[in-house]
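Examining the three-dimensional arrangement
Each chain, letter by letter, is given below.
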Amino acid sequence: EFDPGTDLCPRRGGKVDYDNVTHLLAGLGFKVLKIIDKTASEIETLMQTFAKEEAHRAANCCIVVMMSHGEPEQVYGRDGQLVSIPKVIRMFDNQNCSALREKPKLFFFQACRGKNVDKGTAAPDLPDSAPLLSSAFFEGLQWKNPIGQDEPDVQTDQPTATDMLICYPTQLGNVSFRNADCGSWFIQALTKVFMKRAKESSVLSMMTEVNRLVSEKTASSSHPAYNRGKQASECISRLRKELYFFPGIYK
């Protein structure tokens, strides 16, 4: 819920998303910390406190899920003030969160990323089969060993923002759709795919299926601007290893 006077309408279906995500994370063996209906300042303070927890040293993965109304690279707090998504992500990088260094950190942001409505593009006519690449194509490729080596000054150095997967429900500048009864398209797809496949599939392969499921939906709305709208979720991967959850195998 949002404070009166913020001009932010209630997120109908948001409770469904919340329940589904909570159930999913608990089923995957995560300890779930819930931050509900807080101001932007409170969200930042609580996220900073969470990122600094020494308990992360005993963990092997961290997931952050934020669900609200949003703007490009920002989400709204209860008071109508904005929280910077890049700022939240930086709280968990190798410089600011040493307890999670070299451990996978997953971020899922369910919020609009702008006001543009993607109305989609007509599907092209495709042939029954596509021509195979000729052998000449492969013969033309040149694989050369690099000349010289790039050596770090300190062997233990690593980039600041590694081992992260950052997932968004829609492309930058676009709205994200939510069903009042079933929840947002993105969280619907995310929980459905993870609950079905997490025992055997990598996170990136599951996110590819999430992208497909979201892209197949079409908005049905009484508002002409939103009716027949489309959506394409996306991920930014900074992971350096394949990531599997193996639910059920935890203490």
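The following paragraphs examine the structure supplied in this document. (Residues numbered from 1 in each chain as written. Predicted model: local features only at pLDDT ≥ 70, side-chain atom pairs only at ≥ 80, totals over all residues. Heavy atoms only, no water.)

What follows deals with the nonpolar core. Membership of the largest hydrophobic core comes to 27 residues, with the highest contact counts inside it found for Leu106, Phe108, Phe194, Val203, Met207, Val210 and Phe245. In contact with Leu106, not counting residues within four places along its chain, are Cys61, Cys62, Ile63, Val64, Leu165, Val203, Leu243 and Phe245. With 23 residues, the next largest nonpolar core counts Ile89, Met91, Phe92 and Phe107 among its residues. (Core = buried A, V, L, I, M, F, W, Y, C linked by side-chain atoms within 4.5 Å. Buried < 20%, exposed > 50% of the residue type's maximum accessible area, 1.4 Å probe, protein only. Contact = heavy atoms within 4.5 Å.)

As for its placement among the helices and strands, Cys9 is situated in the segment before helix 1 (14-27). Beyond its immediate sequence surroundings of up to four residues, Cys9 is in contact with Phe2 and His69. (Helix = DSSP H or I, 4+ residues; strand = E, 2+ residues; numbered from the N terminus.)

Attention now moves to the sheet that holds strand 3 (residues 74-76). Pairing within the open sheet is antiparallel, and its three strands lie in the order 2-3-4. Unpaired on one side and paired on the other, strand 2 (70-71) and strand 4 (82-84) mark the two borders of the sheet. Pairing geometry for strand 2 and strand 3, over two bridges, is antiparallel. The residue bridging Gly70 from the neighbouring strand is Val75, located in strand 3. (Pairing = 2+ DSSP bridges.)

Unlike most non-glycine residues, Asp7 shows phi in positive territory, near 65°. Here Asp7 lies in the segment before helix 1. One non-glycine residue, Glu102, adopts positive backbone phi at about 70°. Its place among the elements puts Glu102 in the loop between helix 3 (85-90) and strand 5 (105-110). We classify Glu102 as exposed; its relative accessible area is 54%.

Another aspect to go through is the packing of aromatic side chains. Throughout the structure, instances matching the rule amount to 10 aromatic pairs. Geometrically, the ring pair formed by Phe194 and Phe245 is tilted, given 5.9 Å between the ring centres and 55° between the ring planes. Linking Phe194 in helix 5 (residues 185-197) with Phe245 in the segment after strand 9 (234-237), this pair joins segments that are 51 residues apart in sequence. Accessibility classification places Phe194 together with Phe245 in one group, the buried group. Aromatic ring contacts, followed pair by pair, group Phe50, Phe92, Phe107, Phe109 and Tyr168 into a single cluster. Just above the ring of Tyr168 sits the side chain of Arg113; from NZ or CZ to the centre is 3.6 Å. (Phe/Tyr/Trp six-rings, centres within 6.5 Å; stacked < 30°, edge-to-face > 60°. Lys NZ or Arg CZ within 6 Å of the ring centre and 35° of its normal.)

Taking 1.5 Å of rise per residue, the 13 residues of helix 6 (residues 203-215) would be expected to cover 18 Å, and the 18 Å separating its terminal C-alpha atoms lies within 8% of that figure. For helix 6, the set of buried residues is Val203, Met206, Met207, Glu209, Val210, Leu213 and Val214. Projected down its long axis, helix 6 shows its buried positions confined to an angular sector of 160°, all on one face. Where the residues of helix 6 are buried, they touch strand 5, strand 6 (164-168), helix 5 and strand 9. (Expected span 1.5 Å × (residues − 1). Arc of directions from axis to C-beta.)

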